[in-house]
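Examination of the molecular architecture
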Amino acid sequence: MEVTARAPGKIILSGEHAVVHGSTAVAASINLYTYITLRIPPPSETNDTLILQLKDIGLEFSWPIGRIKEALPESNGLDSSTPATCSGKFAESISALVEEQNIPEAKLALASGVSAFLWLYTCIQGFKPATVIITSELPLGSGLGSSAAICVALSAAFLAFSKSSSLDKGHQGWLDFGENELELLNKWAFEGEKIIHGKPSGIDNTVSTYGNMIKFKSGGLTRIKSAVPLRMLITNTKVGRNTKALVAGVSERTLRHPDAMTSVFNAVDSISKELSTIIQAPAPDDISVTEKEEKIGELMEMNQGLLQCMGVSHASIETVLRTTLKFKLTSKLTGAGGGGCVLTLLPTLLSGTVVDKVIAELETCGFQCLIAGIGGKGAQVSFCGSS
Ligand SMILES: Nc1ncnc2c1ncn2[C@@H]1O[C@H](COP(=O)(O)OP(=O)(O)O)[C@@H](O)[C@H]1O
Ligand SMILES: C[C@@](O)(CCOP(=O)(O)O)CC(=O)O
Ligand SMILES: [Mg+2]
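The model shown is predicted, which means the values in this text are computed figures rather than measured ones.

On to the overall build of the chain, then. Within the chain, the secondary structure is distributed over 11 helices and 13 strands. The C-alpha atoms of the chain give a radius of gyration of 21 Å, which matches the 21 Å a tight globule of 387 residues would have. A principal-axis box enclosing the C-alpha atoms of the chain has dimensions of 65 × 50 × 40 Å. By residue count, 56% of the 387 residues in the chain fall in the buried class. Total accessible area on the chain stands at roughly 16100 Å², and carbon and sulfur atoms take up 54% of it. Considering the chain, the positive charge centre built from 33 side chains and the negative charge centre built from 37 side chains are found 1 Å apart.

Once that is clear, we can look at helix H5 (residues 179-197). Compared with the 27 Å implied by 1.5 Å per residue over 19 residues, the 26 Å span of H5 between its first and last C-alpha is a close match. Looking one or two places after H5, you find Gly 198, whose phi comes out positive at around 85 degrees.

Counting 62 residues, the largest nonpolar core has Leu 38, Trp 63, Phe 117, Phe 158 and Val 381 as its most contacted members. Per element, the largest residue contribution to this core is 10 residues, and it comes from helix H4 (residues 146-160). If we skip the residues at most four places from it in the chain, Leu 38 touches Met 1, Glu 2, Val 3, Tyr 121, Ala 130, Thr 131, Val 132, Ala 157, Phe 158 and Phe 161. By size, the runner-up hydrophobic cluster in this structure holds 52 residues, among which are Leu 138, Ile 271, Ala 336 and Cys 369.

So, about the sheet that holds strand S11 (residues 341-345). A sheet is described by the order of its strands in space; here 4 strands give the open sequence S10-S11-S9-S12, paired in antiparallel fashion. Only two strands of the sheet have a single partner each, and these edge strands are strand S10 (331-333) and strand S12 (368-370). Neighbour to neighbour, the strand axes of the sheet diverge by 25 degrees on average, direction disregarded. Pairing analysis gives 3 bridges linking S10 to S11, with the strands arranged antiparallel. Bridging from a neighbouring strand, Ser 331 pairs with Thr 344 of S11. Where helix H9 (residues 286-310) meets the sheet, it contacts strand S9 (232-236), S10 and S11, and its direction lies at approximately 40 degrees from that of S10.

Around ligand 2, a shell composed of 19 residues is seen, among which Lys 10, Ser 201, Arg 241, Thr 243 and Ala 336 lie nearest. One of the side-chain nitrogen or oxygen atoms of Asp 204 is found 2.9 Å away from an oxygen atom of ligand 2. Arg 241 is positioned such that a nitrogen or oxygen atom in its side chain is 2.5 Å from an oxygen atom of ligand 2. Expressed as a share of its isolated accessible area of 390 Å², the protein-covered part of ligand 2 is 98%. Counting residues per element, the ones that place at least two in the shell around ligand 2 are strand S1 (2-14), helix H6 (203-210) and helix H7 (243-256). Taken together, the residues that form the shell around ligand 2 break down as 8 nonpolar, 7 polar and 4 charged.

What follows concerns the site of ligand 1. Neighbouring ligand 1 are 19 residues, the closest being Ala 109, Gly 141, Gly 143, Ser 146 and His 197. Separating an oxygen atom of ligand 1 from a backbone N or O atom of Gly 141 is a distance of 2.8 Å. Interatomic distance of 2.6 Å between a side-chain N/O atom of Ser 146 and an oxygen atom of ligand 1. For ligand 1, whose accessible area on its own is 570 Å², the fraction buried by protein is 94%. For the shell around ligand 1, the element with the most residues is H4, which contributes 3 residues. Residue classes in the shell around ligand 1 are distributed as 7 nonpolar, 11 polar and 1 charged.

What follows covers the side chain of Ser 146. Looking at the secondary structure, you find Ser 146 in helix H4. When near neighbours in sequence (up to four residues on either side) are disregarded, Ser 146 contacts Leu 138, Pro 139, Leu 140 and Gly 141.

So, about the coordination of the magnesium ion (ligand 3). Within the protein, the atoms that donate to the magnesium ion (ligand 3) are Ser 147 (OG) and His 197 (NE2), at distances of 2.1 to 2.4 Å. One end of the pair, Ser 147, is in helix H4; the other, His 197, is in helix H5, with 50 residues separating them in the sequence. Side by side, Ser 147 and His 197 carry an identical accessibility label, which is buried.

Let us look at the UniProt feature "domain: GHMP kinase C-terminal" (unreviewed entry) in the chain. Under the UniProt annotation, "domain: GHMP kinase C-terminal" (unreviewed entry) lies at residues 294-347. For residues 294-347, the helix share is 52%, the strand share is 15%, and the end-to-end C-alpha distance is 8 Å.

Two side chains carrying opposite charge are able to pair once their charged atoms lie near each other. Counted under the stated rule, the structure contains 13 salt bridges. Its salt-bridge partner being Lys 10, residue Asp 204 comes within 2.9 Å of it at the nearest N-O pair. Of this pair, Asp 204 sits in helix H6 while Lys 10 sits in strand S1, and the two are 194 residues apart along the sequence. We note a salt bridge from Lys 89 to Glu 74, for which the minimum N-O separation is 2.9 Å.

What counts, and where the lines are drawn
Counting starts from 1 at the beginning of each chain's written sequence and moves along it residue by residue. All chains are assigned letters beginning at A, and all ligands numbers beginning at 1, according to the order in which they are written. The model is predicted, so local features are restricted to residues of pLDDT at least 70 and side-chain atom pairs to those at 80 or more, both for listing and for counting; the totals for chains, interfaces and linings are taken over all residues. Side-chain numbers here rest on the full set of heavy atoms in the structure, without hydrogens or water. The numbering of helices and of strands both runs from the N terminus, where a helix is a DSSP run of H or I of at least 4 residues and a strand a run of E of at least 2. Between the two quantities, the radius of gyration covers C-alpha atoms and the globule rule is 2.2 Å times the number of residues to the power 0.38. Each residue is placed in one exposure class: buried if its accessible area under a 1.4 Å probe, protein chains only, is under 20% of its type's maximum, exposed if it is over 50%, and partly exposed if it falls in between. Here the open area of atoms and residues is found with the Shrake-Rupley method and a 1.4 Å probe, where only the protein chains shown may cover a residue. Charged residues are defined narrowly, with Lys and Arg counted positive, Asp and Glu counted negative, and His plus the chain ends left uncounted. Where a charge lies is defined by one atom per residue type: Lys uses NZ, Arg uses CZ, Asp uses CG and Glu uses CD. One less than the number of residues in a helix, times 1.5 Å, gives the span that helix is expected to have. Nine residue types can take part in a nonpolar core, namely buried Ala, Val, Leu, Ile, Met, Phe, Trp, Tyr and Cys, and a core is a set of them joined through side-chain atoms within 4.5 Å. By definition, residues are in contact when any of their heavy atoms lie within 4.5 Å. At least two bridges found by DSSP between two strands is the condition for calling them paired. Note on method: axes are straight lines fitted to C-alpha atoms, helices fitted across the in-contact stretch only, with angles between N-to-C directions ranging 0 to 180 degrees. Nearness is defined per residue: one heavy atom within 4 Å of the molecule or strand is enough. Here a polar contact is taken to be a pair of N or O atoms separated by no more than 3.5 Å, where protein atoms must pair a possible hydrogen donor with a possible acceptor and residues adjacent in sequence count only if both atoms sit in side chains. Under this grouping Gly is polar, as are all residues other than the nonpolar Ala, Val, Leu, Ile, Met, Phe, Trp, Tyr, Cys and Pro and the charged Asp, Glu, Lys and Arg. In this analysis a donor is any N, O or S atom within 2.8 Å of a metal ion (3.2 Å for sodium, potassium and calcium), and since water is not included, sites may seem incomplete. UniProt positions are given in the numbering used here, feature names are shortened, and annotations may be inferred rather than shown by experiment. Whenever Lys or Arg places a side-chain nitrogen within 4 Å of a carboxyl oxygen from Asp or Glu, that contact is recorded as a salt bridge.

What follows is the structure, given as structure tokens:
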């Protein structure tokens, strides 16, 4: 039996970090995906191992099923239709299973992703031998939601073969999940994100699960649709950072300055609500499109200022802001900040020559630029390999 699942990365148009503290945020999926292939051998095969291959990273991990049973005896009693949190004893046992794999020092950041894999696999699939292969088009730890995409794709692949799945296994090509199944896989993915992020808001796994564009607040989503296509340049500063540490840093600042930070979060909430209204408003002609884009740019600039207040900007991000401003373009960081990726709004009437010049200047700083498609499909599976 074999299934491949895919889940997209995302950009946050406004509201990162503040969304962890209850503010509204707006996010969209992008057309870069993480793929998970799950191969369950037939019962006649005697291989009694769980294998995890990180294809593009060139690493393979494996655990004898007996070792997993010994470390996590209780996880088999969990029910795949009731998402469970990996805490206390479970978290210690998962860490021990990951430590035994001796992940190379330089790749230790992967440990939390491997932990999320083990948790989701044992809870949803139990103690079956299998091979799980991960590939990703997303840069890891750059603000494009690779952690959420892996958790959503893992949950999608594992749930596709769970007892409760009603998916048509004879379907050719990519298959969408039904509403109830999406809700369940989003909840499982959130449990995986908790292992990687500590205190995620849930926006990343939600937009990766449902795709398109969403407004998100305190765990609740509203699907939104942009009335005009949005074009964003994504610049990867290639400065590595870790979402968990940045989220914790903002929480510590909030403890030190609760009143000031509450005001910052309230301002972000207003920005996100206004942004979502503007994005959805019809723009019948070029003038109204331009006016709309100017407002979006201004709101992005205001959000960036507030992200600086939260302490999550970085010298590399400031370099991108200064460079794009020379071309009268507005930018903001996206995701957790501290390096990672920056979004630059590319107005509809901006000429291709200017775009090329901005990209060339950013690339001379050592950054990497891409223009991703915004707002595609969310989690999907294919029972006959990827298509
Ligand atoms: N393809 C993958 N394979 C293994 N781990 C992954 C993969 N994608 C993401 N992860 C996990 O997610 C972490 C990055 O998540 P995070 O710091 O939230 O940044 P982002 O979500 O913006 O990429 C990685 O360090 C790793 O633990
Ligand atoms: C900073 C935050 O708002 C987004 C983090 O996104 P990313 O992991 O940097 O892609 C955290 C969250 O909402 O869980
Ligand atoms: Mg993440």
